[in-house]
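Observations on the three-dimensional arrangement
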Amino acid sequence: MASKDSGIFMTPRAPSPPWHMTFSARNVIPPNFTAFSPREVRASKGTSFLTVTQVGWNIDGRKLATCGNEKFPRIWEPEKAVDAKQTIPLTGCHTTTATAFAWSTKHPEYLCSFSEDDKKMAFWDVRAKLPIQTLTTRARLSQMRYSPDGEGIMTVDEDSIVSTLIPQKQADLQKVEWQPNPDVKYEPENDITDFKFNHVGDLVFLSTTRGAVMVLEYPTLRRVENIDLHVGACTAVDLDPKGRFMATGGSDAIINIYDIVEMMPTRTLSVVDVPIRGLSYSFDGEYLAVASTNSSIIIASSVTGQPLHRGVPLPGPPASIAWSPSKHILASCGDHPSASGGGWISCFGLL
């Protein structure tokens, strides 16, 4: 918009949200995010803690796991200390880099991890020194998640082939071992970048490089829907804790909010102007954290889309972000832009 008199271009203001969507109308008091400072841990030269590619909370929000270029996942307790010297390394299985992990959705102390190079999957009780079970796979897995009831694990390998694991009780009926399900597999036409279960656990939403989100039935992995949402790759997906909305982000720098009950788009957010790398809803569903190729995280209202905090400062672009499932604490991890800077993790919020 330009003034006729001055000829000066003025950026139009974003429209105000309807009153019924505001925090005041909904009796919500947002945290003062600008008053928080990140608590960070950075790698130092000569340590193995140089690359951090994934971060995630257990189901009660007391423990945080990370993995990177170490031969094990690392367990943190941020409310006690964000200090690498006070972490628990889960050693005793992987002989090469631990590249992925997933917390159990059934037990707060159970976790599984995987190494792409040795193709070993380990199942841990993080209170013990050795894994409960180890399993060698044929494929190199890149992503995995427990189903919401904890009775299944879905995996995506380096070729984006989707498969599942199921628990099998042993003869003594006390011990349970996880085994691949040979009868269930799905081979998509495009690469998968991320995936999330719905809260019931009968559907899985998978973002793809084609810019669409595939919807699969679980556990059959039968495709039921293909939703076109982005120009370019769809790089991130997350579901709000109430189970109504899905947020997707893409290389087009756009965030789409999609109603998964009515199966229709509701609104589009534009809070960054660079490709999006990750999205995470807060535990109450009020806030959406947006990670991009910038060295900061944007926190926006998930209802109105208005940015509430335009820059959680970070040492480098985040590779992974995750809100705590019980508090307004946002964890992130990544690598320093400088090769000599090393990896880092950061916790931001009510610590």
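Preceding this paragraph is the structure being described.
Not measured: the values here are computed from a predicted model. (Residues numbered from 1 in each chain as written. Predicted model: local features only at pLDDT ≥ 70, side-chain atom pairs only at ≥ 80, totals over all residues. Heavy atoms only, no water.)

**Some words on the sheet that holds strand β21 (residues 264–269)**
An order of β18-β19-β20-β21 is seen for the four strands of this open sheet, with the pairing classed as antiparallel. In the strand order of this sheet, the two ends are held by β18 (234–239) and β21, each with one partner. Averaged over all pairs of adjacent strands, the angle between strand axes in this sheet comes to 25 degrees, irrespective of strand direction. With five bridges joining them, strand β20 (residues 255–259) and β21 adopt antiparallel strand pairing. Residue pairing in the sheet places Asn256 in a bridge with Thr268 of β21. (Pairing = 2+ DSSP bridges. Helix = DSSP H or I, 4+ residues; strand = E, 2+ residues; numbered from the N terminus. Axes fitted to C-alpha atoms, helices over the stretch in contact; angles between N-to-C directions.)

**Quick look at the pattern of salt bridges**
In total, this model carries 16 salt bridges according to the counting rule given. Ionic pairing is found between Glu151 and Lys106, a salt bridge with its closest N-O pair at 2.2 Å. Pair noted here: Glu151 is in the loop between β10 (141–146) and β11 (153–157) and Lys106 is in the loop between β6 (100–103) and β7 (110–115), with a separation of 45 residues, a long-range link. Between Asp228 and Arg210 there is a salt bridge; the shortest N-O distance is 2.8 Å. In this pair, Asp228 is assigned in strand β17 (residues 223–228) and Arg210 in the loop between β15 (203–208) and β16 (212–217), connecting sequence segments 18 residues apart. Accessibility expressed as a relative area gives 55% for Asp228, which makes it exposed. Through salt bridges that share partners, Glu116, Asp117, Arg140 and Glu158 make up one connected network. (Salt bridge = Lys/Arg side-chain N within 4 Å of Asp/Glu carboxyl O. Buried < 20%, exposed > 50% of the residue type's maximum accessible area, 1.4 Å probe, protein only.)

**Overview of the pairing of β10**
Each regular strand carries side chains that alternate between the two faces of the sheet. One ladder, built from five bridges, connects β10 with β11; its direction is antiparallel. Pairing of Gln143 across the sheet is with Val156, part of β11. The antiparallel pairing of β10 with β11 creates a hairpin that spans six residues between the two strands, and Gly150 there sits at a positive phi of about 75 degrees.

**Considerations on unusual backbone geometry**
When glycine is set aside, most residues are seen to have a negative phi, and most peptide bonds are trans. For the bond running from Tyr218 to Pro219, omega is 15 degrees, close enough to zero to count as cis. Residue placement: Pro219 occurs in the loop between β16 and β17. Not every positive phi belongs to a glycine, and Ser160 is a case in point at roughly 65 degrees. Position of Ser160 among the secondary structure elements: in the loop between β11 and β12 (162–169). Taking relative accessible area as the criterion, Ser160 reaches 4% and is therefore assigned buried. Even without being glycine, Leu221 reaches a positive phi, approximately 60 degrees. Summarising the element assignment, Leu221 is placed in the loop between β16 and β17. You can call Leu221 buried: its relative accessible area is 3%.

**Some details on the pairing of strand β26 (residues 318–323)**
Counting buried residues along β26, five of its six residues qualify, which places the element largely inside the surrounding structure. The pairing of β26 with strand β27 (residues 329–335) spans five bridges and is classified as antiparallel. Across the sheet, the residue bridging to Ile321 is Ser332, located in β27. Between β26 and β27, which pair antiparallel and follow one another directly, the connecting turn spans five residues.

**Looking at the side chain of Asn256**
By the secondary structure assignment, Asn256 is in strand β20. Looking at Asn256, its side chain comes within polar contact range of the side chain of Thr268, at 3.2 Å. Those residues in contact with Asn256 that lie beyond four places of it in its chain are Leu229, His230, Met246, Ala247, Thr248, Arg267 and Thr268. (Polar contact = N/O pair within 3.5 Å; in protein donor to acceptor, adjacent residues only side chain to side chain. Contact = heavy atoms within 4.5 Å.)

**Brief notes about the sheet that holds β15**
Two pairing modes exist for strands in a sheet, parallel and antiparallel, and in both the strands are linked by backbone hydrogen bonds. Taken in spatial order, the four strands line up as β14-β15-β16-β17 in an open sheet, and their pairing is antiparallel. Every other strand in the sheet has two partners, leaving β14 (192–197) and β17 as the edge strands with one partner each. This sheet shows a mean twist of 20 degrees between the axes of neighbouring strands, independent of strand direction. Where β15 meets β16, five bridges bridge the pair, whose relative direction is antiparallel. For Ser207, the partnering residue across the bridge sits in β16 and is Val213.

**Re the environment of Ala233**
Position of Ala233 relative to the elements: it lies in the loop between β17 and β18. Take Ala233: its relative accessible area is 18%, and that puts it in the buried class. Taking the C-alpha atoms as reference, Ala233 lies 8.2 Å from Ser207; in sequence the two are 26 residues apart. Once residues lying within four places of it in the same chain are set aside, the contact partners of Ala233 are Thr208, Thr209, Gly211, Gly250 and Ser251.

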